[in-house]
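Each chain, letter by letter, is given below.
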Amino acid sequence: MSLRVYNTLTREKEAFQTIEPGKVSMYLCGPTVYKPAHIGHMVGPVIFDTVKRYLTYSGYDVTFIINITDVDDKLINKAAEKGTTVKALADEMTADYFDNLRLMGVDTIDKFPYATDHIGDMLEMIQKLIDNGHAYPLNGDVYFSVTTDDDYGKLSHRSVDQMLAGTRVEANDQKRNPADFALWKSSKAGEPAWESPWGPGRPGWHIECSAMSSKLLGDSIDIHGGGLDLMFPHHENELAQSECASGKCFVRYWMHNGLMQSGKNTGKVGGQHDKQGDTAAAADAAEAQIAGKLAGSAGAESVKTAVFAHCPPESVRFFLLSTHYRSPIDFSLENIANTAKGLDGFYRMFESFARITGGSAYDLAVPGSREQSTSLAGLPEGLAGELAGLRDRFLEAMDDDFNTGGAIGLLFELRRVINGYVTQNKLEEAATAEQKTALTTAMTLFRELAQVVGVFRKPIEKSSGADDEFVGGLMQLILELRADARKEKNWAAADKIRDQLKALNVTVEDVKDGPARWSRG
RNA sequence: GGUACCGUAGCCAAGUGGCCUAAGGCGACGGAUUGCAAAUCCGUUAUUUCCCCGGUUCGAAUCCGGGCGGUACCUCCA
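Note that the structure is predicted; figures quoted are calculated from it, not measured. (Residues numbered from 1 in each chain as written. Chains lettered and ligands numbered in written order. Predicted model: local features only at pLDDT ≥ 70, side-chain atom pairs only at ≥ 80, totals over all residues. Heavy atoms only, no water.)

Enquirer: An account of the pairing of strand β14 (residues 506-509) is requested, with residue identities and associated values reported.
Expert: Burial of the side chains of β14 is restricted to one face: Val506 and Val508 are buried, whereas none of Thr507 and Glu509 on the reverse face is. Pairing analysis gives four bridges linking β14 to strand β15 (residues 517-520), with the strands arranged antiparallel. Counterpart to Thr507 in the pairing with β15 is Ser519. (Buried < 20%, exposed > 50% of the residue type's maximum accessible area, 1.4 Å probe, protein only. Helix = DSSP H or I, 4+ residues; strand = E, 2+ residues; numbered from the N terminus. Pairing = 2+ DSSP bridges.)

As structure tokens, then:
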């Protein structure tokens, strides 16, 4: 079985074949950095980070780029509103975006190009489009002429006529066709401006992605990703510009992820771009609600304060990946809490592993490629068979258009197999060297597959309270007193201590021999 | 109005022509274990069924048609 990818252009799953053997170029539309990142901004990066991980694991050499759009009308307006400069605002919001990506475990991006660093490339592309008759200047602006492109509309599968049918188009426009879109906009006084053959101005939306993609990855790339909301007009326009400029196929596989929605308050919470006026307003409203619900305060707020304060980033990542990337996903605290409960079982498995082997599951040397996958030789036959079967199913799921939901289901099954091995052989009580080796091998395979989807890579920060010397000492004392009571079969006292601690959100677990375990939260 | 997507158990969710007498998680119930718990393991939890109605097919959750319900997009400039 080999990799198949759903291509928005053809609306079909296609066998994955790269332009250059063994190499993959990926471009994902990043944010316009005019406000703090919201939870919807994290969807695309997490998904495509996972796509890159799997491609890398499968042996490809992947180059992955996410752009930062740091010049745009909204940015200009917002900066003016806040009494700051466009640059200062963009820098601040970019830093916030990066912070959130890091917390989500998104760290496979090779480069974040900034639109303002590539104005020259954009001017070049615009000039080329004018030269070959696909664009025309008009009063200091430059427009792309959609009627010169026979293919226009092939991505979103609609014709220019259809698009105009439902919209109120003001006819008193000098554009050749109402559907023509701006490549370059003349600037008004006080606005950020760059010199151009058509006078001072700034790039239109869309051109930055075309220019940077072709500059950094070449005229033809393998994968272009983004939220479903970007399919039209953004990607359609990018596609038109790029192919008209280069005369080559712009993108082999267009991949669009579903958008996040917020429970009852349905509607878009956010794709990767919130560049359109009306939808941005709707997104703001939805976002304000979420932020309000989560943080107890209204208004747009960064993910790290609005969301991560309530649910660990790993649970959010796991949640995003537990459904198919093309499906919409409902964001709610309840759903995340459900996911978090599932994760707890994995963390406990790691703790059990540490008790038995004396080592951390996180420190295992994990194979980074499918070819060098963990060897199951020497394992008990039944165990090896089960693990091998689950690995095959996991890879099959990922090969089928990155079915992370199915793959994560297999992670749960893997957990059950490992826990079963531990329980059946009573490894917590005593384990032979051979059994420890077998357990370590099984855990290595688990981590190998988990890192493919980017989870369980680092120990989570657990506020167990054990790191606090005072609390630790206190707990030790309390549990010793309880152990004494249990020795005397004074169950009333022992249960009272355990119940009262439970009321304080401290869970006590008795262990057959040795001190009881406790955890907080 | 146009263009798409979606509708699987109490909830989340995979599966998109036969291996489906439909993964997995959460929850619930029963058992092992425990002084009792917790954790873990085992079992049960959609049983002419995959929103409804028709059709294609030897065979459909999966394809086609029609309903019903939900969602998104139809830019910038003005």
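There is more to say, and it comes next.
Enquirer: Which residues make up the sheet that holds strand β7 (residues 181-186), and what are the values?
Expert: Spatial ordering of the open sheet is given by β5-β6-β7-β8, a layout of four strands whose pairing is antiparallel. Edge positions in the sheet fall to β5 (135-138) and β8 (201-203), since each of these pairs with one other strand and no more. Ignoring strand direction, the axes of neighbouring strands in this sheet form an average angle of 20 degrees. In the sheet, strand β6 (residues 141-144) pairs with β7 via three bridges, with the strands oriented antiparallel. Pairing of Tyr143 across the sheet is with Ala182, part of β7. Along the sheet face, helix α4 (residues 119-131) touches β5, β6, β7 and β8 and points at about 120 degrees away from the line of β7. (Axes fitted to C-alpha atoms, helices over the stretch in contact; angles between N-to-C directions. Contact = heavy atoms within 4.5 Å.)

Enquirer: Would you mind going over the pairing of β5 in detail, with residue names and values included?
Expert: With four bridges joining them, β5 and β6 adopt antiparallel strand pairing. Considered in β6, the bridge of Tyr136 is made with Tyr143.

Enquirer: Give a description of the nonpolar core that names residues and reports values.
Expert: Formed by 97 residues in total, the largest nonpolar core has its most connected members in Leu55, Phe394, Leu411, Phe446 and Phe456. Excluding residues that lie within four positions of it along the chain, Phe446 makes contacts with Phe346, Met349, Phe350, Leu411, Leu414, Ile418 and Phe456. One finds Leu155, Leu183, Cys209 and Leu217 within the second-largest nonpolar core, a separate group that totals 40 residues. (Core = buried A, V, L, I, M, F, W, Y, C linked by side-chain atoms within 4.5 Å.)

Enquirer: I'd love a proper account of helix α16 (residues 491-503), names of residues and values included.
Expert: For α16, with 13 residues, the first-to-last C-alpha span of 18 Å sits near the 18 Å given by 1.5 Å per residue. Immediately beyond the C-terminal end of α16, within one or two residues, lies Asn505, with a positive phi of roughly 75 degrees. (Expected span 1.5 Å × (residues − 1).)

Enquirer: Tell me about the pattern of salt bridges, and please be specific about residues and values.
Expert: Evaluated as defined, the whole model comprises 25 salt bridges. One salt bridge in this structure joins Arg393 and Glu413, with 3.3 Å as the shortest N-O distance. Of this pair, Arg393 sits in helix α12 (residues 381-399) while Glu413 sits in helix α13 (residues 404-424); the two residues are 20 residues apart in sequence, bridging distant segments of the chain. With its nearest N and O atoms 3.7 Å apart, the salt bridge here joins Arg517 to Glu509. Assessed through its relative accessible area of 29%, Arg517 is described here as partly exposed. With relative accessibility at 31%, the residue Glu509 sits in the partly exposed group. Connected through salt bridges with shared partners, the residues Asp49, Arg53, Asp107, Arg317 and Arg457 form a single ionic network. (Salt bridge = Lys/Arg side-chain N within 4 Å of Asp/Glu carboxyl O.)

Enquirer: Summarise the packing of helix α6 (residues 207-217) against helix α7 (residues 231-246); cite the residues concerned and give the values.
Expert: One way to put it is that α6 packs onto α7 with a least axis distance of 8 Å and a crossing angle of 50 degrees. The angle between α6 and α7 falls in the class oblique. Taken as a pair, α6 and α7 cross one another with a handedness that is right-handed. Between α6 and α7, the contacting residues are Ile207, Cys209 and Ser210 on the first element and His234, Glu238, Gln241 and Ser242 on the second. Taken together, the residues of the contact of α6 with α7 sort by class into two nonpolar, four polar and one charged. (Parallel < 35°, antiparallel > 145°, perpendicular 65-115°, else oblique. Left-handed = near helix turned anticlockwise from the far one by under 90°. Nonpolar A, V, L, I, M, F, W, Y, C, P; charged D, E, K, R; others polar.)

Enquirer: Describe in detail the confidence of the model for chain A, supporting the description with residues and values.
Expert: In this model, chain A carries an average pLDDT of 86, and 88% of its residues clear a pLDDT of 70 or more. A low-confidence stretch, residues 168-172 stays under pLDDT 50, and its non-local contacts, those more than four residues away or across chains, total two contacts. Scored below 50 in pLDDT, residues 263-299 shows 104 contacts in the model against residues more than four places distant or in partner chains. (pLDDT = per-residue confidence, 0-100.)

Enquirer: An account of the environment of Pro113 is needed here, citing residue identities and associated values.
Expert: With respect to the helices and strands, the residue Pro113 is situated in the loop between α3 (86-103) and α4. When the C-alpha positions of Pro113 and Gly30 are compared, they lie 9.7 Å apart, and in sequence the two are 83 residues distant. Not counting the four nearest positions on each side in its chain, Pro113 is found in contact with Ile65, Ile66, Asn67, Ile68, His118, Met212 and Leu216.

Enquirer: Explain the packing of helix α1 (residues 43-57) against helix α10 (residues 313-321) to me, and be specific about the residues and the numbers.
Expert: Across the interface, α1 lies against α10 with an axial gap of 10 Å and an inter-helix angle of 75 degrees. Put simply, α1 runs roughly perpendicular to α10. Two secondary-structure elements touch here, α1 through Val43, Val46, Asp49, Thr50 and Arg53 and α10 through Arg317, Leu320 and Leu321. Per-class residue counts for the contact of α1 with α10 are four nonpolar, one polar and three charged.

Enquirer: Give me the packing of aromatic side chains: which residues, what numbers.
Expert: How two aromatic rings sit relative to each other is given by the distance of their centres and the angle of their planes. By the definition in use, this model includes 22 aromatic pairs. An angle of 45 degrees between the planes, with centres 6.2 Å apart, marks the rings of Tyr97 and Phe98 as tilted. The exposure class assigned to Phe98 is partly exposed, which follows from its relative accessible area of 28%. Judged by centre distance (6.0 Å) and plane angle (55 degrees), the ring pair of Phe318 and Phe346 falls under tilted. A residue pair is termed long-range when its members are at least 10 positions apart, and Phe318 in helix α10 and Phe346 in helix α11 (residues 333-357) qualify at 28 residues. A relative accessible area of 2% places Phe318 in the buried class. Here the aromatic cluster, defined as three or more aromatic residues joined through ring pairs, consists of Phe318, Phe346, Tyr347, Phe350, Tyr362, Phe412, Phe446 and Phe456. Over the face of the ring belonging to Tyr6 we find Arg326, whose NZ or CZ atom lies 3.9 Å from the ring centre. The ring of Phe346 carries the charged tip of Arg415 above its face, separated from the ring centre by 4.7 Å. (Phe/Tyr/Trp six-rings, centres within 6.5 Å; stacked < 30°, edge-to-face > 60°. Lys NZ or Arg CZ within 6 Å of the ring centre and 35° of its normal.)

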